[in-house]
Amino acid sequence: MRIDRTIIVLTAAMAALLAFTPFLPNWAMFLFTVSLCYGVVVLGMMLLVRTGLVSFGHGLYYCLGAYAAGTLEPLFGITELAVMIGSAVAVTAIVSAILALLLRKYRDIFFAMLSLAFSMILYGLLVKTSSLGSTDGFNVTVKTLFGLHIADTAYERYLIFALTVLICWTCAVLMHFYLKSHRGRLAEAIRDNELRVEYMGASVANTIHLHYVMSAVLAGLGGALMAVSVGHIDPEMAYWTTSGEFVFITILSGTGSVLAPFLGATIFESIRSFAYEYSPNTWQMALGITMLMVIMFLPGGLWSLFKRASRRVA
Amino acid sequence: MTTLVAVLVDGLIYSSWLFIMAIGLTLIYGVMKILNIAHGSLFALGAYTAASLAGHWFEQGYLPMGSYAIMLLAAILVGIVAGPLLERGLLRFMYGRDEIVLVLVTYATFLILEDFIKLVWGVDPYFLYQPYGLLGSFDIGELTYPNYNLLLLAMSVAIGGILAWTLTRTRYGKILIAVIHDREMAASQGVNVSLVYFVTFTLGAMLGALGGALTAPMISVQPGIGAETIVLAFAVVVIGGLGSLPGAALAALLVGIVRAATIHFRPELDLFSIYFVMAAVLIARPKGLFSAQEARKI
Amino acid sequence: MNTVLRALRPLTTGLFSIAAIIAVVMLAAPSAQASDKPIRIGLVTFLSGPAAGPFGVPARIAAEAIVESLNAGEVPAPYGSIGLSGLPIELVIIDEAGGATKQVAEFRNLVERQKVDFVIGYISSGDCLAIPPVAEELKKLTVLFDCGTPRVFEEASYKYVFRTRPHATMDAVAGARYLLETRPDLKSYAGINQNYAWGQDSWKDWTAVLEVLRPKAKVTTSQMPKFGAGQYGAEISALMRSRPEVIHSSLWGGDLEAFMLQSTPRGLFRRSDLLLIAGEPNLHRLVGNIPDGTIVGARGPHGVFAPKGKLNDWLRRIYKAKTGREPNYPAYSAAQAFLGLKAAYERARLEKVKSAIPMAAVEGVKEGMEQAYQMPNTEEVIAAFENLTFESPSGKVMMKLGKGHQAVQGTAYGTTRTVGGKIIIENIKYYPVEQVQPPEGISSIDWIKGGLKPGRW
């Protein structure tokens, strides 16, 4: 039996992260956690981009996931991590399934801007909700994981990190198999020519609907995981700049493989963090120049760099 | 005086401002299919340049009325320096790439320019308030409005009119429409597409800077003004139907009136108004108010 | 097997590059505490975006000037010693822009990569809510220096977090008291505040206070433009048409300036008076665009409201030497944070020396003195910081709320008058702590609604 390369790499990466991170400094673990949270959002964006759609409003689901997880405590007193994540998945799935009925008719910039309008409306609603702290947001607390008390223990951070790694691994593996499935392969066909896909007897609308919901759930997961890792959420997560950042990382990463989003997110987060530290006055410029370099010299995104490296040695 | 009149006047003033913000964006998109996020930086550059030059003008004690010419000059200056620099130095290497990649290129440019502005002008805000009050004011019922608002209105009508006339009545306009319709076909007919792009982008940059220069007397010119403006301009352009001049005008009017009505009747909803309009228009007309018919490619 | 190895190559390339980055940073980062190394203080303040000009950068300039002055030992008594207890201070400066998520990451980097000993920072109230739990987790003494939301210590209590400026409740309370002293028969008022947490809270506090102090006054309109709106034409029309006696506003920075530039030529202030909660940092720039008689505050007895004294003169001198301007309230907030930390640190040191003296008698002078000459650790500084009273350029500061972690101070308001191209503040009135701050154990909004009963301090 042939073993799938991507699955091997994913599993090895998961094992490496789980095994070595405890020996890394704390900030590195946090950097990986944040990168993985972004990565899982970008994984969903990648599916949309493959289908030919770019959303400037995925902050909507990222934020919704975070609030679906975070408001459980103030509303119902629930602090179980598994329930919080389940709630994020359920809420984003329902909302995106409804909005997709409308959005699946849109393409190009109109899809992008209508998504943006929806995410900005959520932003506005949250800003108006002073019981949830308006733009200040509120702190998210986790007390238990599958009934096990983890709050304020020495391994709390690691457990949350490990859970993030496992979820990301699962999502990436499932996405990888999906992309190889019959329907998954339709994505690029739709991007290239919808009419042909329709003539062949496949439903463009249904496929886009499904992909939209899948990417929304992934964004919701990313938001919920980010909420518990950072410990604080605010409406900024739905603001258009957040969505813009996701688009940015998606293009930066490239859409060649399910590994690309995670690598891209890690590299983006590292660059941003070091730019903050070493040029606090001009970090935007550093970020912009890096971005231009990647677009200029790596048209396939950062992923093409790794692909090229592996091809050369092979 | 009824509230309705106030809504109309406030709405119209805001609309004319919005239209000036959006027109350069819609021109560049219409011709080059680039959603230019760096438009926000050009706006900021225009505002900063106008504020410094006209500020210097006032300090020297020259004729105050001359400041309007200086503001115009600032916009032209920014346009002819930044426009060619961006188009020739960066964008022309990207033509033919995916639309979204071009958006990111302009976004990266926006980030770089944002810090560039900070390095040149610092973080302290600049002021250029004199031109706003210099022209006197007019009264409508119990409300007073500076005549500067009329200047904005006149500018927006003039710019819109000249552009529309150029597009429909002149040779350059016809070439432009040919390029918009089919770039390759136009090129094969002997149109110098690269020159058309160059001129269009420079003109668009100039209009962006003009928006900034005209706004400078009403605000304090400070870091971050570009980012706030760009979303508004985007919304107007999309509501109007990308690349459509009458569309942008109508969209600006619609957004302006709705916003003014919100402020007068339900001020707490102002935060949403523009996005509600955008969502509503796009739901009713998926490609904006005015959209060009596209040939289906099978 | 070969497939597996080949498949892993991009991963190893990736992991190696990341490992290399981490290694480089760990080598570049300063190694752990040596005895007479300088004390590293992380400073987090806005260096970009709209809050940089009025708040972030003045605070940074002040911090840099203060640190220089402290390291040279030129600060007036009781802060005459060099740095903190003789150890010089080194600043690590980080931009506060980017929102709470990024700030949490940057805080971790600051503590773990840059190995700072203390963190002073945060202007945005969202950041001030997000950072404390992380400070607790990392056990890093963190001084919040300029944010105002009362939620920080009213909703939680922290061990490692202090705030050396009073919370924002007093802005509304003192402002309303001042207004009602000049206009006891106030009949109507309106508001224009930004539609985000600061503007909403400010308006909520304001209306709550007026409902208690002057229930007869009516709200004519409450305008809530979005943050950074820039264009206020319609809002100004709505304010003009509703003809309130007084307009309350918590606008700040560029938004405030744009609002003033657009409303002055339209004659809004010929109809209504104006009260600016946070107008002080912009005053020097508003010459010609602010009506005489505008009530302004500085969110504490800062700037023109600061009492005369050697420390005040010192701050004004060093700030002016750097910028040519008078320090504004964020500069005073920064000074308060640095001097508060210094006072706590040196008090902890003193306690150590005191307790070491009896020890020296018992165990021999050498061990006792060595013990005394060690610098206090974080826990000891915290113990000294709690309930501390210290002097600052804006007078006495008492850490009396939030179990000794939240500062209280009185505050002041005044009215503007333009004299010879300069704006001066006159009719300054001071309000002592008990009139403007809720006592420990009651939330600000409950205290206001309960009738603003003076607590015992």
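Conventions adopted
Residues numbered from 1 in each chain as written. Chains lettered and ligands numbered in written order. Predicted model: local features only at pLDDT ≥ 70, side-chain atom pairs only at ≥ 80, totals over all residues. Heavy atoms only, no water. Helix = DSSP H or I, 4+ residues; strand = E, 2+ residues; numbered from the N terminus. Contact = heavy atoms within 4.5 Å. Buried area = accessible area lost by both parts, 1.4 Å probe. Polar contact = N/O pair within 3.5 Å; in protein donor to acceptor, adjacent residues only side chain to side chain. Nonpolar A, V, L, I, M, F, W, Y, C, P; charged D, E, K, R; others polar. Domains from an automatic or database assignment. Patch = residues over 30% accessible without salt bridge, like charges linked within 9 Å, V, L, I, M, F, W, Y side chains within 5 Å. Areas by Shrake-Rupley, 256 points an atom, 1.4 Å probe, with all protein chains shown as cover. Salt bridge = Lys/Arg side-chain N within 4 Å of Asp/Glu carboxyl O. pLDDT = per-residue confidence, 0-100. Buried < 20%, exposed > 50% of the residue type's maximum accessible area, 1.4 Å probe, protein only. Axes fitted to C-alpha atoms, helices over the stretch in contact; angles between N-to-C directions. Left-handed = near helix turned anticlockwise from the far one by under 90°. Pairing = 2+ DSSP bridges. Disulfide = S-S within 2.5 Å. Expected span 1.5 Å × (residues − 1). Bend = angle between axes of the 7 residues up to and from the residue. Lys, Arg positive; Asp, Glu negative; His and termini not counted.

Peer 1: Even after reading the chapter, I still don't get the environment of I208 of chain A, so can you show me in this structure?
Peer 2: Within the secondary structure, I208 of chain A is located in helix 10 (residues 204–230). Beyond its immediate stretch of four places on either side in the chain, I208 of chain A contacts T51, L53, R104, R107 and I190 of chain A.

Peer 1: Can you help me understand the interface of chain C and chain A in this one?
Peer 2: Interface extent is often summarised as the accessible area lost during association of the parts. At the junction of the two partners, chain C supplies 51 residues and chain A supplies 46 residues. Each partner contributes to the roughly 4,400 Å² buried at the junction of chain C and chain A, and carbon and sulfur atoms together form 63% of this total. Across the chain C-chain A interface, the total number found is 18 residue pairs in polar contact (both at pLDDT 80 or more). Among the secondary structure elements, those contributing two or more residues to the side of chain C that touches chain A are helix 1 (2–28), strand 2 (89–95), helix 3 (100–112), helix 4 (125–138) and helix 7 (197–213) of chain C. Top element by residues in the side of chain C that touches chain A is helix 1 of chain C. It accounts for 15 residues. Tallied by class, residues from the side of chain C that touches chain A come to 26 nonpolar, 13 polar and 12 charged.

Peer 1: Just checking my understanding: could you explain the domain arrangement of chain C for this structure?
Peer 2: Residues and elements named next belong to chain C. Domain annotation of chain C identifies domain 1 (39–167 + 308–408) and domain 2 (169–298 + 410–449). The gap between the C-alpha centroids of domain 1 and domain 2 is 30 Å. Both sides of the domain 1 and domain 2 interface together cover about 1,500 Å² of buried area, and 61% of this is carbon and sulfur. Counting residues per element, the ones that place at least two in the side of domain 1 that touches domain 2 are helix 2 (52–71), helix 12 (329–363) and strand 12 (395–401). Of the residues forming the side of domain 1 that touches domain 2, the biggest block, 3 residues, is contributed by strand 12. Within the side of domain 1 that touches domain 2, the residues separate by chemical class into 12 nonpolar, 4 polar and 5 charged.

Peer 1: In this structure, what is going on with a nonpolar patch on the surface? I would like to understand it.
Peer 2: Nonpolar side chains collect at one region of the surface, where L53, L72, I76, L77, I80, V81 and L85 of chain B lie side by side and expose about 610 Å² of accessible area between them. Element by element, the count of residues in the nonpolar patch is highest for helix 3 (residues 66–89) of chain B, at 6 residues.

Peer 1: Mind showing me how you'd approach the confidence of the model for chain C here?
Peer 2: Confidence in the prediction of chain C, expressed as mean pLDDT, is 88, and 88% of residues score 70 or more. Long-range and interchain partners of residues 27–34 of chain C, a stretch whose pLDDT sits below 50, account for 8 contacts in this model, where long-range means more than four residues apart.

Peer 1: Before we go on, may I ask you to explain the pattern of salt bridges in this structure?
Peer 2: Side chains bearing opposite charge may pair, as long as their charged atoms lie close to each other. Residue and element names in this part refer to chain C. On inspection of all chains with the given rule, the structure shows 35 salt bridges over all chains. Here R165 and D146 are joined by a salt bridge, their closest N and O atoms 4.0 Å apart. Taken together, the positions of R165 in the loop between strand 5 (161–163) and helix 6 (169–182) and D146 in the loop between strand 4 (142–144) and helix 5 (151–154) put the pair 19 residues apart, joining distant regions of the chain. With relative accessibility at 2%, the residue D146 sits in the buried group. Across the pair R183 and D273 runs a salt bridge, and its minimum N-O distance is 2.6 Å. Of this pair, R183 sits in the loop between helix 6 and strand 6 (188–192) while D273 sits in strand 9 (residues 273–276), and the two are 90 residues apart along the sequence. Assessed through its relative accessible area of 24%, R183 is described here as partly exposed.

Peer 1: Hey, could you run me through the packing of helix 6 (residues 108–128) of chain A against helix 12 (residues 270–284) of chain B in this one?
Peer 2: Two measures define how a pair of helices packs: the angle their axes make with one another and the distance between the axes. The interhelical angle for the contact between helix 6 of chain A and helix 12 of chain B, taken along N-to-C directions, is 145°, at an axis separation of 9 Å. The two elements helix 6 of chain A and helix 12 of chain B cross, and the hand of that crossing is left-handed. Seen from helix 6 of chain A, the contacting residues are F110, M113, L114, L116, A117, F118, M120, I121, G124, L125, V127 and K128 of chain A; seen from helix 12 of chain B, they are L271, F272, Y275, F276, M278, A279, L282 and I283 of chain B. In terms of residue class, the contact of helix 6 of chain A with helix 12 of chain B is built from 18 nonpolar, 1 polar and 1 charged.

Peer 1: Explanation requested: the sheet that holds strand 10 (residues 295–297) of chain C in the structure shown.
Peer 2: Sheets are built from strands paired through backbone hydrogen bonds, the pairs being either parallel or antiparallel. Residue and element names in this part refer to chain C. Taking strand neighbours across the sheet as the criterion, the 7 strands line up as 7-6-8-9-10-14-15 in an open arrangement whose pairing is mixed. What marks the edges here is a single partner per strand, and that holds for strand 7 (218–223) and strand 15 (422–431). Neighbouring strand axes in the sheet, compared pairwise and without regard to direction, differ in orientation by 25° on average. Seen against the sheet, helix 7 touches strand 6, strand 7, strand 8 (246–249) and strand 9 and runs at an angle of roughly 170° to strand 6.

Peer 1: What is the right way to read the state of the cysteines from this model?
Peer 2: Note on terminology: disulfide describes a covalent bond linking the sulfur atoms of two cysteines. All names here are of chain A. Throughout the structure, instances matching the rule amount to 1 disulfide over all chains. With no disulfide of its own, C168 has C171 as its nearest cysteine by sulfur position, at a separation of 6.5 Å. Judged by its relative accessible area of 3%, C168 falls in the buried class.

Peer 1: How do you make sense of the interface of chain C and chain B when you look at a structure like this?
Peer 2: At the junction of the two partners, chain C supplies 39 residues and chain B supplies 36 residues. Surface buried jointly by chain C and chain B totals about 3,200 Å² across both partners, of which 53% is contributed by carbon and sulfur atoms. D124 of chain B is the partner of R325 of chain C in a salt bridge, and the nearest nitrogen-oxygen pair spans 2.8 Å. When residues of the side of chain C that touches chain B are traced back to their parent elements, those giving at least two are helix 2, strand 7, helix 8 (233–242) and helix 9 (253–263) of chain C. Per-element tally for the side of chain C that touches chain B: the top contributor is helix 8 of chain C, with 7 residues. When the residues that make up the side of chain C that touches chain B are grouped by side-chain class, the tally is 15 nonpolar, 15 polar and 9 charged.

Peer 1: Looking at this structure, how should I read helix 4 of chain C?
Peer 2: For an α-helix the count is 3.6 residues per turn, leaving residues at separations of three or four pointing the same way. Residues and elements named next belong to chain C. Taking 1.5 Å of rise per residue, 14 residues should cover 20 Å, and helix 4 covers 20 Å from first to last C-alpha, within 8% of that figure. I131 marks where helix 4 bends most, by close to 30°; the proline P132 follows one to four residues later. Taken together, the buried positions of helix 4 are S125, G126, D127, C128, L129, A130, I131, P132, V134, A135 and L138. Phi for K139, located one or two positions after helix 4, is positive at around 55°.

Peer 1: Please clarify how the side chain of D136 of chain A should be interpreted in this entry.
Peer 2: If you trace the backbone, D136 of chain A turns up in the loop between helix 6 and strand 1 (138–139). No salt bridge forms around the buried D136 of chain A; measuring N to O, its nearest opposite-charge neighbour R151 of chain C is 4.5 Å away.

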